[in-house]
Amino acid sequence: MRLADKRILLGISGGIAAYKSAELVRRLKDQGAEVRVVMTRSAKEFITPLTLQAVSGHPVADSLLDPAAEAGMGHIELAKWADLILIAPASANLMARMAAGMADELLTTLCLATPAQVALAPAMNQQMYLNAATQANLKTLASRGILLWGPDSGSQACGDVGPGRMLDPLALVERCCQQLAVEPLLAGVTLLLTAGPTREALDPVRYISNHSSGKMGYAIARAAREAGADVTLVSGPVALATPQGVERIDVESAQQMHQAVMSRVGACDLFIGCAAVADYRPAQVAPQKIKKSGDNDQMTLALVKNPDIIAAVGALAEKPFTVGFAAETVDVEQYALDKLRRKRLDMIAANDVSQAGQGFNADDNALAVFWQGGQATLPLADKLTLARHLVALIAHHYRS
Ligand code: PMT
């Protein structure tokens with residue numbers, strides 16, 4: 001499963017080699033990839049969307065202006081979702097449109113909107129391939145960092161012999177594996193990680209909590225696993241699937257999270273505290289549902305401090321390499337540096353949670369990372385991309 005959890009957007013343009021695309025989807029899935037298919041108008045003359053939907057397990061996207069598709073995974077979301085865009089077959093016409101920077105249908109638009117690597121598997125008649133216009137377009141695309149996989153040479157569907165055959169599906173899968181291979185930066189490292197919110201009970205039906213969705217922490221768990229770490233995730237209540245290969249311990253309250261962490265921290269090399277742990281909990285948990293009282297318009301709750309989990313890890317005589325998070329709304333750097341020092345952390349990742357579209361319960365985030373004598377900025381990106389950058393940064397400092 002060399003493509004486990006990898007998200008490949010397969011673009012299909014119009015050419016006779018499109019008949020091989022269904023096989024390509026199946027072979028990519030054999031390696032564990034999640035595949036979404038986007039077809040151009042002319043591709044549908046060669047193979048049906050229904051076939052690609054059946055083999056990929058997802059509806060095929062083919063229109064830029066489809067309100068129903070936009071209400072699901074919209075085109076910008078799709079562009080951000082992909083780890084790799086592979087266009088196979090890539091026709092001479094499609095490559096000409098890409099070289100001109102056109103956004104005239106969904107696939108060409110995605111190529112402009114994606115932060116992911118784009119790879120093309122050219123397929124066309126040998127004379128078309130050798131034509132000066134096609135060669136100039138290929139040169140332009142290569143100079144912009146687009147990968148060109150193939151073509152092969154040999155006998156063609158039209159009877160000609162020469163360069164222009166699409167690479168075999170298995171050869172394309174191999175290129176994808178090589179392209180998406182993750183450096184095992186954390187191989188042999190045991191990571192303990194917290195994620196999500198905590199819930200502090202008031203009575204059997206009510207609690208105090210916050211807006212953490214767990215997305216940031218789960219993305220880190222997945223990125224660390226991809227980088228070869230042995231990952232245990234202590235998770236507050238969230239609605240997310242456990243990343244593949246990660247051990248998950250579910251907890252509700254800060255005290256339970258504290259207990260789960262302290263009983264495992266001795267066995268870990270690296271600790272990351274991404275959970276939004278409630279600083280306080282109700283002093284008393286009512287055994288029955290608290291009733292509204294007729295004559296009181298106000299209610300006062302007594303709260304007591306929760307254990308500071310990461311500070312407890314930082315205070316250990318033999319502590320793991322410890323990375324905290326700081327969720328701040330003002331003076332982000334100053335508060336983050338204060339937490340780095342006070343909680344005896346090796347590194348802290350600060351997010352400005354006053355900004356719309358990032359931080360709590362958002363799909364994207366941006367981080368300012370600080371350590372003794374240094375800092376790095378990880379700009380706004382989807383949480384998985386950001387997590388991969390953060391994991392690379394942590395691995396670098398952990399190893400040095
Ligand atoms: O879950 P998402 O919706 O994806 O949102 C991600 C996030 C915004 C929750 C995440 O990026 C984040 O910032 N997590 C830390 C939130 C937080 O509680 O920050 P803090 O500044 O209050 O705490 C500082 C550090 O101390 C954190 O590492 C926290 O885990 C830890 N802490 C805090 C209190 C406590 N009692 N015990 C702790 O261990």
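Draft legend 1. Structural detail: the pattern of salt bridges. Taken as a whole and judged by the stated rule, the model has 22 salt bridges. Arg-388 serves as the salt-bridge partner of Glu-226, at 2.8 Å between the closest nitrogen and oxygen. Taken together, the positions of Glu-226 in helix H10 (residues 215-226) and Arg-388 in helix H14 (residues 383-399) put the pair 162 residues apart, joining distant regions of the chain. Counted as one network, the salt bridges with shared partners bring together Lys-6, Arg-7, Asp-83, Arg-222, Glu-226 and Arg-388.

Draft legend 2. How the structure looks around the domain arrangement of the protein chain. Here the protein chain is described as being made up of domain 1 (7-181) and domain 2 (190-286 + 296-399). Averaged C-alpha coordinates put domain 1 and domain 2 at centres separated by 39 Å.

Draft legend 3. Structural detail: the nonpolar core. Leu-186, Ile-220, Phe-325, Val-369 and Leu-390 are the most contacted members of the largest nonpolar core, which totals 39 residues. With residues near it in sequence (within four places) discarded, Phe-325 still touches Met-216, Ile-220, Ile-272, Gly-273, Cys-274, Ile-348, Ala-349, Asn-351, Leu-367 and Leu-390. With 32 residues, the next largest nonpolar core counts Ala-17, Ala-88, Ala-121 and Cys-177 among its residues.

Draft legend 4. Seen up close, the sheet that holds strand S2 (residues 34-39). The strand order S2-S1-S3-S4-S5 describes an open sheet built from five strands, whose pairing is parallel. Whereas interior strands pair on both sides, the edge strands pair on one side only; in this sheet they are S2 and strand S5 (147-148). Here strand S1 (residues 7-12) pairs with S2 via six bridges, running parallel. For Leu-9, the partnering residue across the bridge sits in S2 and is Arg-36.

Draft legend 5. Main features of the side chain of Ser-235. Tracing the chain through its elements places Ser-235 in strand S11 (residues 230-235). Residue Ser-235 is classed as buried on the basis of its relative accessible area, which comes to 0%. Apart from residues lying up to four places away in sequence, Ser-235 is in contact with Ala-195, Tyr-218, Arg-248, Ile-249, Asp-250, Val-251 and Met-257.

Draft legend 6. Quick look at the layout of surface pockets. Taken as a whole, the largest pocket holds about 900 Å³ of empty space. What lines the largest pocket is a set of 42 residues, and nearest its centre among them are Ala-275, Ala-276, Val-277, Phe-325 and Ala-327. Elements supplying a minimum of two residues to the lining of the largest pocket: H10, strand S13 (270-273), helix H12 (309-314), strand S16 (321-328), helix H13 (332-342) and strand S17 (347-352). Top contributing element to the lining of the largest pocket by residue count: S16, with four residues. Among the residues forming the lining of the largest pocket, the class breakdown is 19 nonpolar, 15 polar and eight charged.

Draft legend 7. Here's a closer look at the site of the ligand. The full set close to the ligand counts 27 residues, and Ser-212, Ser-213, Lys-339, Asn-351 and Asn-361 are the nearest of them. Note that an oxygen atom of the ligand is positioned 3.3 Å from one of the backbone N or O atoms of Lys-215. One of the backbone N or O atoms of Ile-310 is found 2.9 Å from an oxygen atom in the ligand. Applying the majority rule of atoms within 2 Å of the grid points places the ligand in the largest pocket. Listed by contribution, the elements that provide at least two residues to the shell around the ligand are H10, H12 and S16. Sorting elements by how many residues they give to the shell around the ligand places S16 first, with four residues. Classifying every residue of the shell around the ligand by side-chain character gives twelve nonpolar, nine polar and six charged.

Draft legend 8. Spotlight on unusual backbone geometry. The omega torsion of the bond from Ala-88 to Pro-89 falls at 0 degrees, within 30 degrees of zero and hence cis. Position of Pro-89 among the secondary structure elements: in strand S3 (residues 84-90). Geometrically, the link from Gly-150 to Pro-151 is a cis peptide bond, its omega value of 10 degrees lying close to zero. If you trace the backbone, Pro-151 turns up in the loop between S5 and strand S6 (152-155). Despite not being glycine, Asp-331 has its phi angle at roughly 45 degrees, a positive value. Secondary-structure assignment places Asp-331 in the loop between S16 and H13. Unusually for a residue other than glycine, Asn-361 sits at a positive phi of about 60 degrees. Position of Asn-361 relative to the elements: it lies in the loop between S17 and strand S18 (364-371).

Draft legend 9. Geometry of the packing of helix H5 (residues 92-99) against helix H8 (residues 132-143). H8 packs onto H5 with a crossing angle of 50 degrees between their chain directions and a minimal axis gap of 9 Å. Regarding the angle of H5 to H8, the classification is oblique. Pair H5 / H8 crosses with left-handed handedness. Along the contact surface, H5 presents Ala-92, Met-95, Ala-96, Met-98 and Ala-99, while H8 presents Thr-134, Asn-137, Leu-138, Thr-140 and Leu-141. Its residues assigned to classes, the contact of H5 with H8 shows seven nonpolar, three polar and no charged.

Draft legend 10. Quick look at the sheet that holds S17. Sheet architecture is open: eight strands sit in the order S12-S11-S8-S13-S16-S17-S18-S19, paired in mixed fashion. Bordering the open sheet on either side are strand S12 (247-250) and strand S19 (374-382), each of which pairs with just one other strand. Taken over all neighbouring pairs, the strand axes of this sheet differ in orientation by 15 degrees on average, direction set aside. H14 contacts S13, S16, S17, S18 and S19 of the sheet and is inclined by roughly 160 degrees relative to S19.

Draft legend 11. Molecular detail of the packing of H5 against helix H6 (residues 106-113). Between H5 and H6, the shortest axis-to-axis distance is 10 Å and the interhelical angle comes to 45 degrees. The angle between H5 and H6 places the two elements in the oblique class. Here H5 runs over H6; the crossing is right-handed. On H6, the residues that touch Leu-94, Arg-97 and Met-98 of H5 are Leu-107, Thr-108 and Cys-111. By residue class, the composition of the contact of H5 with H6 is four nonpolar, one polar and one charged.

Parameters at a glance
- Residues numbered from 1 in each chain as written.
- Predicted model: local features only at pLDDT ≥ 70, side-chain atom pairs only at ≥ 80, totals over all residues.
- Heavy atoms only, no water.
- Salt bridge = Lys/Arg side-chain N within 4 Å of Asp/Glu carboxyl O.
- Helix = DSSP H or I, 4+ residues; strand = E, 2+ residues; numbered from the N terminus.
- Domains from an automatic or database assignment.
- Core = buried A, V, L, I, M, F, W, Y, C linked by side-chain atoms within 4.5 Å.
- Buried < 20%, exposed > 50% of the residue type's maximum accessible area, 1.4 Å probe, protein only.
- Contact = heavy atoms within 4.5 Å.
- Pairing = 2+ DSSP bridges.
- 1 Å grid on protein atoms, 1.4 Å probe; cavity = no way out; pocket = protein on both sides within 12 Å on 5 of 7 lines; lining within 4 Å.
- Points joined across faces, edges and corners; volume = space filled by probe spheres on them.
- Nonpolar A, V, L, I, M, F, W, Y, C, P; charged D, E, K, R; others polar.
- Near = heavy atom within 4 Å.
- Polar contact = N/O pair within 3.5 Å; in protein donor to acceptor, adjacent residues only side chain to side chain.
- Sits in = over half its atoms within 2 Å of the grid points.
- Axes fitted to C-alpha atoms, helices over the stretch in contact; angles between N-to-C directions.
- Parallel < 35°, antiparallel > 145°, perpendicular 65-115°, else oblique.
- Left-handed = near helix turned anticlockwise from the far one by under 90°.

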